[in-house]
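# Coordinate analysis (summary)
Listed below are the residues making up each chain.
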Amino acid sequence: MYRTALRNVLAHKARLLMTTLAVMLGTAFVAGTLVFTDTLGNALRSQSAKSYTDIAVTVSDRDAVVRGYDRGAKATGGPTLNEETRKAIAALPGAAEARGVVSGFAGIADRNGALIGNGFTTTGTNFVPGADGTDPRYPLVDGRGPRTSGEVALDTKTAEKGGFNVGDTVRVAVNGPVMELKLTGTLHANDPRVLSGGSLAAFDTATAQQLYLAPGRFAEIDVKGKPGADDSALLAAVRQTVPQGNDSIEAKTGRELADEQDRMIAEGTKGLGRALLVFAAISLFVGIFIIANTFTMLVAQRTKELALLRAVGASRKQVTRSVLIEALLVGLVSSLAGLLAGIGIAAGLQSLLNGPLDAGLPDGPLVIGPSTVIASVGVGVVVTVLAAWLPARRASRIAPVAAMSSVEQPASQKSLRVRNAIGLLFAAVGVGGLLAGSAAKAVGLVGLGAGALMVGVFVLTPLLSRPLITLLAPALRRLYGTPGKLAQENAVRNPRRTAATASALTIGVTLITALTVVGASVSKAVDEATAIDMKADYTVAMQNFSTLSPEVATQIAKAPGVTAMSVMRSVSVETDDGTEWLTGVDATTIDQLATVKVTDGSADALKQGKLLISSGSAEHNGLKVGDTLAVTYPDGVKGSLTVGGVLEANTVLAGMIAPDAVVGPHASAGSGLTKVLVKGANGADAALKQALRDATGGNPLIAVKGEKDIKAETSQMVTAVLNMMYGLLGMSVVIAVLGVVNTMAMSVFERRREIGMLRAIGLDRRGIGRMVRLESLMIALFGGVVGVLLGIVVAWAGNRTLADSIKNITTVVPPVQIVGFLIGAALIGLLAAVWPARRASRLDILGAIKGA
């Protein structure tokens, strides 16, 4: 039987080609993901290790680290790391050097005033020169390090992007007005944020402390050990030296920090790998339909052969085993090819990211671990064998005498009734899960319901295929006559085969449709909420969501054309139930800048010195109008706020809102100033926007956005996410196309006698080709229609789970995209039929009738 299985694979290799390609593509996705993530993780770990090669011990002040990136962060109090601490550590017996470090955000403007990089990877730090004038963390490429407050050094990529040379004036900003500094040097940086497209600005230590913390204060002290010094002993000595009484200060060895970094890298790459493997699993799931369809058709075409095996003594188990061995061989060959293709994909992706896309990822050798080989090959083989199991069982059930007929045995009505019953059960469970999940706004339950519904629909597709395809019959007959009629009859002749072929395409269309509908719904909801809730012409905020400098609000108030403005200051307060965020606004102008609509209480509560609270926050905290909330402000002062009104859902005003006259005095300098709302005399015109930019000192990190800008930003974000998802789902669509090609090609081979008879009675080659193309078109359209309908239902349930986080979200079905998906499905059907139709139209009449 083993020799028989091998002979069958070799004899039918042409008919197994599409199945082999489907398994290979799915396995390549898996292998490519594993190789790429392993390679990326290894490269990141190697790069990270370089940052700790000369560090024996590091002392960090978590409070200072956070405040370096957000001056509005709440201070924990207590002693800090300062120059005295650094000198004391440097004097320890095992310490060779102690380097004080300060860091935060620093935006670099190009010659047109635009930000280089993005707001989240614009890094600023202090340059700490040694006796030779260099900082080992940042090797100089040209020039020297900064020495005074008017100087700065940049990483080489940022200098290149901005077209800066040593001696040029560079515009640099943190959270306030722009500073014009002299570029004294360019340097190399191993920081992943910089390598991935960010920027690095290095200041002298005194300037960095002034910008990010306070004079003399450090966020971190890195200690270099003397040759032969024990890191553990040095760590113990450092812990005795650092200030006591501040829980935010901790000391660790460089090895511990490197291990922590390795764990973070491993978690990050695993997360990326899991996300990509989900799409790989979808591709393999689509491949299951093709594999099952192929082996079902092969078993049907080899009825006589299988019957003969049974007649000469082969048992049912042997027949089943023979078919499964064929699947095993196909899966093994395909998986090995997929593994090689996946390695190529990983190498190509690495080159693409570090080449044309300039993602700045660290370079390194490809990592092909044993687990990758085992997982890739194992998944491909297991999927292939499992998909062929049902066809193998059907093969074993062919009776020797009945199987001698050259006609394929149709599925019994009983088997179809059982299948339909199972499909209805899954569909019912799926619908129930979607309804329950959407009502409870439970994403997990909606996901389970969507999965069950999709399985139910796939099982029911043989039942659905006849009525849906029959709807096209009148149009096909009128337009194409006999070929149209024959195509419709062929498409519904074998519902199982049609269902399996269409279902492969349905999966991709369902997911793409669901994503598109959710994206359109989110975009519309955000656009409408922005238009309704925001009365301000512009908002002014940091691009990286850190806090603004207090002087920014002062300068905006003086800007020409400004008629009303309000700060939005967020601070954390302690209540009896824990920590809450309190937002301070200008009570006298906020109603001109945002819609203040209450469901209970008074909209003028802020003017009365009272608290406005969103309906969600009121429900969460069990508060109502008239209740008093005891709070402890960031400066430790205790107070109480009376609830004066409950707000309707609002995208501008959310959570707890209080007058800034109450909140501001308790915030440290500049603390919590997250946004400024502005209204102009002439509306959102270009003059007002430029005036606001001038008021912010031209800071490239500060964004001035109007309603149109916010809508465009949302649209770009949704489009970017959808394009990424479309790309990841593209593999499943390609596999589905192979499935249609495979089914049509094998169907032509199976029906060659019938085609020969049609040619003999007068149907010309063009008619034969048209018949095959129309059959493929109907199968693809059937899959597309089912996928679109299913995707809309799933998206509706998904949108319901977003109701609490996105105001007034409704399901929006974009007609242009939906029609585009159906046209795409039709084109897939037509393209997939090109080769089968050509083959069918060129069959020799007499040879086809003889069955040669």
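Structure: above.
Computed from a predicted model, the values in this text were never measured in an experiment.

Let us now look at the pattern of salt bridges. Overall, the coordinates contain 21 salt bridges when judged by the stated rule. Between Arg137 and Asp135 there is a salt bridge; the shortest N-O distance is 2.8 Å. For Asp135, a relative accessible area of 1% puts it in the buried group. Its salt-bridge partner being Lys689, residue Asp709 comes within 3.1 Å of it at the nearest N-O pair. With a gap of 20 residues between them, Asp709 in helix 24 (residues 707–750) and Lys689 in helix 23 (residues 686–695) connect regions that are remote in the sequence. Looking at Asp709, the relative accessible area reads 28%, which means it is partly exposed. Taken together, the shared-partner salt bridges connect Arg493, Arg751, Glu754 and Glu775 into one network.

Read across the open sheet, the four strands follow the order 3-13-1-14; overall the sheet is antiparallel. In this open sheet, the two strands that pair with only one neighbour each are strand 3 (95–101) and strand 14 (249–253). Across the sheet, the mean angle separating the axes of adjacent strands is 15° when strand polarity is ignored. The pairing of strand 1 (residues 57–61) with strand 14 spans five bridges and is classified as antiparallel. What sits directly across from Ser60, in strand 14, is Glu250. This element, helix 8 (residues 231–241), spans strand 1, strand 3, strand 13 (220–225) and strand 14 of the sheet and lies at about 170° to strand 14.

Before going further, it helps to spend a moment on a nonpolar patch on the surface. There is a patch of nonpolar side chains on the surface, built from Val819, Ile823, Leu827, Leu830, Leu831 and Val834 and spanning about 550 Å² of accessible area. The biggest single contributor to the nonpolar patch is helix 27 (residues 815–832), with five residues. Since its relative accessible area comes to 47%, Ile823 is described here as partly exposed.

What follows is about the nonpolar core. Nonpolar side chains in soluble globular proteins tend to be buried together. Counting 74 residues, the largest nonpolar core has Leu505, Ile735, Ile768, Met771 and Val772 as its most contacted members. Per-element tally for this core: the top contributor is helix 26 (residues 765–801), with 15 residues. Excluding residues that lie within four positions of it along the chain, Ile768 makes contacts with Ile755, Leu758, Arg759, Leu763, Ala840 and Ser841. By size, the runner-up hydrophobic cluster in this structure holds 37 residues, among which are Val57, Val59, Ile108 and Val238.

As enumerated under the stated definition, the model contains four aromatic pairs in all. Ring geometry for Phe289 against Phe458: centres 5.5 Å apart, planes inclined by 80°, an arrangement best described as edge-to-face. Taken together, the residues Phe289 in helix 9 (residues 254–301) and Phe458 in helix 15 (residues 443–470) connect sequence positions 169 residues apart. In this pair, the class of Phe289 matches that of Phe458, namely buried. Members of the aromatic cluster, joined through ring pairs, are Phe285, Phe289 and Phe458.

Another aspect to go through is the packing of helix 18 (residues 495–533) against helix 27. Where helix 18 meets helix 27, the closest approach of the two axes is 11 Å, and the angle between their N-to-C directions is 165°. The orientation of helix 18 with respect to helix 27, classified from their angle, is roughly antiparallel. The two elements helix 18 and helix 27 cross, and the hand of that crossing is right-handed. The residues of helix 27 that touch helix 18, namely those facing Leu505, Ile512, Thr513 and Thr516, are Gln817, Ile818, Phe821, Ala825 and Ile828. Its residues assigned to classes, the contact of helix 18 with helix 27 shows six nonpolar, three polar and no charged.

Below, the discussion takes up the packing of helix 9 against helix 24. For the pair helix 9 and helix 24, the least separation of the axes is 9 Å and the interaxial angle reads 5°. Classified by the angle their axes make, helix 9 and helix 24 are roughly parallel. Partitioning the contact of helix 9 with helix 24 into residue classes produces 17 nonpolar, 10 polar and one charged.

One non-glycine residue, Phe545, lies in the positive phi region at around 65°. Position of Phe545 among the secondary structure elements: in the loop between strand 15 (538–542) and helix 19 (550–558). The backbone phi angle of Asn808 is positive, close to 50°, even though this residue is not glycine. Tracing the chain through its elements places Asn808 in the loop between helix 26 and helix 27. Among the residues examined, Asn808 registers a relative accessible area of 55% and is labelled exposed.

Scoring rules and cut-offs
Position numbers for residues start from 1 in each chain and track the written sequence from start to end. In keeping with the model being predicted, local features are shown solely for residues with a pLDDT of at least 70 and side-chain atom pairs are shown and tallied solely at 80 or more, while totals for entire chains, interfaces and linings include all residues. The side-chain numbers reported here are obtained from all heavy atoms of the structure, hydrogens and water having been left aside. Salt bridges are identified by distance alone: a Lys or Arg side-chain nitrogen within 4 Å of an Asp or Glu carboxyl oxygen. The buried label goes to any residue with under 20% of its type's maximum accessible area, the exposed label to any with over 50%, and the partly exposed label to all in between, with areas taken from a 1.4 Å probe on protein chains only. In this description a helix means any DSSP run of H or I spanning at least four residues, a strand means any run of E spanning at least two, and both kinds are numbered starting from the N terminus. What makes two strands pair is DSSP finding at least two bridges between them. Note on geometry: axes are C-alpha line fits, over the in-contact stretch for helices, and angles between N-to-C directions span 0 to 180 degrees. Whether two residues are in contact is decided by their heavy atoms, any of which lying within 4.5 Å being enough. Exposure above 30% relative accessible area and no salt bridge define the residues that can form patches, which grow by joining like charges within 9 Å and nonpolar side chains of Val, Leu, Ile, Met, Phe, Trp and Tyr within 5 Å. Only the protein chains shown count as cover for residues, and the accessible areas themselves come from Shrake-Rupley with a 1.4 Å probe. We call a set of buried residues a nonpolar core when its members are Ala, Val, Leu, Ile, Met, Phe, Trp, Tyr or Cys and they connect through side-chain atoms within 4.5 Å of each other. What counts as a ring pair is set by centres within 6.5 Å for rings of Phe, Tyr and Trp (its six-membered ring), and what kind of pair is set by the plane angle: stacked under 30 degrees, edge-to-face over 60, tilted for all other angles. Convention used here: angles under 35 degrees read as roughly parallel, angles over 145 as roughly antiparallel, angles from 65 to 115 as roughly perpendicular, and any remaining angle as oblique. Take the far helix as the reference: if the near one is turned anticlockwise from it by less than a right angle, the crossing is left-handed, and if turned clockwise, right-handed. Gly falls in the polar group here, along with every residue not listed as nonpolar (Ala, Val, Leu, Ile, Met, Phe, Trp, Tyr, Cys, Pro) or charged (Asp, Glu, Lys, Arg).

Keep in mind that these numbers describe shape and distance, not what the molecule does.
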